[in-house]
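Observations on the model geometry
Listed below, chain by chain, are the residues.
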Amino acid sequence: MMSKSVAIVGGGVSGLVSAVHMLKVGINPIVFERAADIGGLWNANLKPCWSSMRVNISKFCTALADLSWDKDAPLFPSQQQVFEYLSNYVEKRLSKDIFRFNSHVVKVDYEDEQWTINYRVKSNEILSAKFDFLIIASGFFDYPYFPNDISNLSSFKGQLIHSCDYHSPEQVQNRRVILAGASMSAAELVSDMANSAEHIIHIVSRGFYTLPRFQPLTPSDPATPFLPGDLISFRRSNTKNKTRSSPHERLRLITGDEQKSAKFIDANDDESPVFITISDFYAEWCRSEKITLQHGRLVKVNDDGTLVLNNSQTIETNSNDVLVLCTGYRPCLDFFSEDILKKLSYQPNDIFCPIILHRTVFHPELKTLAFIGMYRGPFWAIIELQSRWVASIFSGRIPLPSFAIQQAGLTMEENIREQRPRPQFPHADFVGTADELARDVFGANFSPTNDSCTSTDFRPNGPDPNVTDEINQLSQDANNGRFVAGAVFRALLESQWSFERVLTGKPSDGTVQGQCQFQSVNSTELLYKEQGKLILPSQNPLDISQKYLYHYDEKQDALTVYFVDEKSQRTNLFHRIEFQPKDTSKLGWTARGEHLCSQDHYSASYLFAFNGTELSQFEINYQVKGPNKDYLSKTVFQPIKKSSFL
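Everything in this summary refers to the structure shown in the same document. (Residues numbered from 1 in each chain as written. Predicted model: local features only at pLDDT ≥ 70, side-chain atom pairs only at ≥ 80, totals over all residues. Heavy atoms only, no water.)

Describing the sheet that holds strand β16 (residues 291-295)
Think of a sheet as strands paired side by side through backbone hydrogen bonds, with each pair either parallel or antiparallel. One open sheet accounts for five strands, arranged β9-β20-β10-β11-β16; its pairing is parallel. Pairing within the sheet leaves two strands with one partner each, and these edge strands are β9 (159-162) and β16. Looking at each pair of strands side by side, their axes are set apart by 20 degrees on average, direction ignored. Bridge analysis of strand β11 (residues 199-204) against β16 gives five bridges, and the strand direction is parallel. Its bridge partner being in β16, His202 is matched across the sheet by Leu293. Seen against the sheet, helix α3 (residues 184-193) touches β10 (176-180), β11, β16 and β20 (322-325) and runs at an angle of roughly 175 degrees to β10. (Pairing = 2+ DSSP bridges. Helix = DSSP H or I, 4+ residues; strand = E, 2+ residues; numbered from the N terminus. Axes fitted to C-alpha atoms, helices over the stretch in contact; angles between N-to-C directions. Contact = heavy atoms within 4.5 Å.)

Looking at the pattern of salt bridges
Per the stated rule, a full pass over the model turns up 28 salt bridges. Between Arg388 and Glu384 there is a salt bridge, and its shortest N-O distance comes to 3.6 Å. Of this pair, Arg388 and Glu384 both sit in helix α9 (residues 380-394), four residues apart, which is roughly one turn of the helix. Of the charged contacts in the structure, one is a salt bridge between Lys533 and Asp543, with a shortest N-O distance of 2.6 Å. Here the residue Lys533 occupies a position in strand β25 (residues 525-535), and Asp543 occupies one in strand β26 (residues 542-553), the gap between them amounting to 10 residues. Judged by relative accessible area, which is 42%, Lys533 ranks as partly exposed. Judged by relative accessible area, Asp543 falls into the exposed class, the value being 61%. Salt bridges sharing common partners tie together Arg54, Glu188, Arg213, Asp280 and Glu554. (Salt bridge = Lys/Arg side-chain N within 4 Å of Asp/Glu carboxyl O. Buried < 20%, exposed > 50% of the residue type's maximum accessible area, 1.4 Å probe, protein only.)

Digging into the packing of α9 against helix α11 (residues 430-442)
Put simply, α9 and α11 touch, their axes get as near as 9 Å, and they point 25 degrees apart. Judged by the angle between their axes, α9 and α11 are roughly parallel. Crossing of α9 against α11: the hand is left-handed. For the pair formed by α9 and α11, the contact residues are Ala381, Ile382, Leu385, Gln386, Arg388 and Trp389 on the first element and Phe430, Thr433, Ala434, Leu437, Ala438, Asp440, Val441 and Phe442 on the second. Taken together, the residues that form the contact of α9 with α11 break down as 10 nonpolar, two polar and two charged. (Parallel < 35°, antiparallel > 145°, perpendicular 65-115°, else oblique. Left-handed = near helix turned anticlockwise from the far one by under 90°. Nonpolar A, V, L, I, M, F, W, Y, C, P; charged D, E, K, R; others polar.)

Some words on the packing of helix α1 (residues 13-24) against α9
Between α1 and α9, the shortest axis-to-axis distance is 9 Å and the interhelical angle comes to 35 degrees. Handedness of the α1/α9 crossing: right-handed. Residues Val13, Ser14, Val17, Ser18, His21 and Met22 of α1 form the contact with α9, whose participating residues are Trp380, Ile383, Glu384, Ser387, Arg388, Val390, Ala391 and Phe394. When grouped by side-chain class, the residues that make up the contact of α1 with α9 number eight nonpolar, four polar and two charged.

Looking at the environment of Leu369
Tracing the chain through its elements places Leu369 in strand β22 (residues 369-371). You can call Leu369 buried: its relative accessible area is 2%. Each C-alpha atom of the pair Leu369 and Glu619 lies 62 Å from the other, and the pair is 250 residues apart in sequence. Among all residues touching Leu369, those that are not within four sequence positions of it are Trp115, Leu134, Ile136, Phe336, Val361, Phe362 and Phe394.

A short note on unusual backbone geometry
The peptide bond linking Arg420 to Pro421 adopts the cis configuration, its omega dihedral lying at -5 degrees. Residue position: Pro421 is located in the loop between α10 (403-417) and α11. A cis amide bond links Lys506 to the next residue, Pro507, at an omega of 15 degrees. The residue Pro507 is located in the loop between β23 (495-506) and β24 (510-522) in this model. The phi angle at Asn152 is positive, at roughly 65 degrees, despite the residue not being glycine. If you trace the backbone, Asn152 turns up in the loop between β8 (143-144) and β9.

Re the sheet that holds strand β4 (residues 104-111)
Spatial strand order, β4-β5-β6: three strands in an open sheet with antiparallel pairing. The open sheet has two edge strands with one neighbour each: β4 and β6 (126-131). Direction aside, neighbouring strands of the sheet carry axes that sit 20 degrees apart on average. Of the pairings in the sheet, the one linking strand β5 (residues 114-120) to β6 comprises six bridges and is antiparallel in character. By the bridge assignment for β6, Thr116 is matched with Lys130.

Observations regarding the packing of aromatic side chains
Any aromatic ring pair is given by two values, namely how distant the centres are and how the planes are angled relative to each other. Evaluated as defined, the whole model comprises 43 aromatic pairs. Taking the centre distance of 4.9 Å and the plane angle of 65 degrees together, the rings of Phe234 and Phe430 count as edge-to-face. With Phe234 in the loop between α4 (229-233) and α5 (236-240) and Phe430 in helix α11, the pair connects residues that are 196 residues apart, well separated along the chain. Of the residues examined, Phe430 reaches a relative accessible area of 2% and is grouped as buried. Ring centres 6.1 Å apart and planes at 80 degrees place the aromatic pair Phe574 and Tyr602 in the edge-to-face group. Of this pair, Phe574 sits in strand β28 (residues 570-579) while Tyr602 is found in strand β30 (residues 600-611), placing the two residues 28 residues apart along the sequence. Among the residues examined, Phe574 registers a relative accessible area of 3% and is labelled buried. Assessed through its relative accessible area of 16%, Tyr602 is described here as buried. The residue whose ring lies beneath Arg359 is Trp389, and the NZ or CZ to ring-centre distance is 4.9 Å. Geometry around Tyr562 places Arg570 over its ring, the cationic atom sitting 4.4 Å from the centre. (Phe/Tyr/Trp six-rings, centres within 6.5 Å; stacked < 30°, edge-to-face > 60°. Lys NZ or Arg CZ within 6 Å of the ring centre and 35° of its normal.)

Below, the structure is given as structure tokens:
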């Protein structure tokens, strides 16, 4: 039998994985990529995202089953690191001669049971080639999406950009930013801009909860361990142990009091769809009032540049403002004939559900065509399982689902498209979808052994034991205080506190009452400033002030306190905050630190009590001994709440 061939449109994750699995079943792939290299949106050299961009799910889900990340790799890799990972994957699995770079597919025809790919090369010449099968792996992110219901955009007087044109905070230095959109990337962009922009107005059409990358395992426990959010959310036991609480109730428990009281999230409407964003510092920048949320949807720009929202609210603008449309992307399938597009029920401006397919892969009338990666969600396991499924079907190893089954799948997708109000994701059950696909690929007896659903579960010869061991070790480390330093740093950023300090011993007993704040200096440093009054026996109250610098080293998972000079610049080390194992206290996480100042020895102890991702309070205790000092200092900090900061 002559070898079969498959054309793969797109050289990103979906295209690369499809090519690998087609080769494994003996079908020869050719990958057509419009850009000059592989990687799609992960190619930092061709499509750079903002400089600090990292994945928002851990490396265990941003991975392919047969190529694990190194143990030393960051838990949340950067765009550049993901691109290097994909380059390594290609080097190990694929030959360079299967790629057609700088090749823009302009027309696809189907005739005599073959697909003809017409593509424009760098010289502008149109070439063509025939294939037995066709895989569309170009995904959702072909072109920036500009909503067609925003009228008169050209009248905006400042700088107008789409989010894809934002790369670094320097672009908005000392400028007011108005950002429209409530997606995952919108929250991340706003957070990235916050230290540089003069102010940010974030226009949101709906409410959402914002979660950090590391989330509390047991939100009701003041000493909860913290783990990457996907290792908590994507657990098979979650579906087996469903509680009566609604998604809103669970998220309010995770995010704590401040987001719980946010006005734009209706705490009483537990039947409405839940929307989340993942951003480490978004909520904290809102708390600082560096970000102002404006409810509504941008619908018009007046001739004088004023922005008009659908609720009649207006925002005046000037020529120094930057308007960022964080309105997502749309796929482009215009190379198909009208007949095929009609079969696919193609709606290019429906970025939620642009085409109708059985399980987002097949159409019953187009048996040799498959789509990979049209599952709206950043989960690589789904992409890889889809690729294996398609390879098994195209090679004849397993049968194509029957016409009736596929037709039922189309009806299901049509119902998803018609949902009102629409949920955040068309297919929200990642774990169920992955396990169902795995049973199609590996057989009905597929039974995963791990609770957390990650890419390694779907290795044909069983999970990579090194990955399983690493995940198990993370859980043990989390119980011993790993990731708590980062959770404390995040919770303190741009926060304000009242405090009472009780001094007992030599040289004198006394009490200090005051307020303090933790101001962001940069992405790794907070300036602690306090003002208070020292009350001593038989003396008038004395005004006091103190400053320290808190530095967080993510790589070392360390939080360290430094002295500062009169210009608030970091000077000498005060002490490193060493977190203790979880069972040290039931009231919260405890930590210790030591410092020798001249002849005085400071022994510090801390207690941090969490309420979900927030700190409900914390304490610092010093035992100070020296030639002229022998006293205890106990300071209790209570948060100063800003009403409905979101």
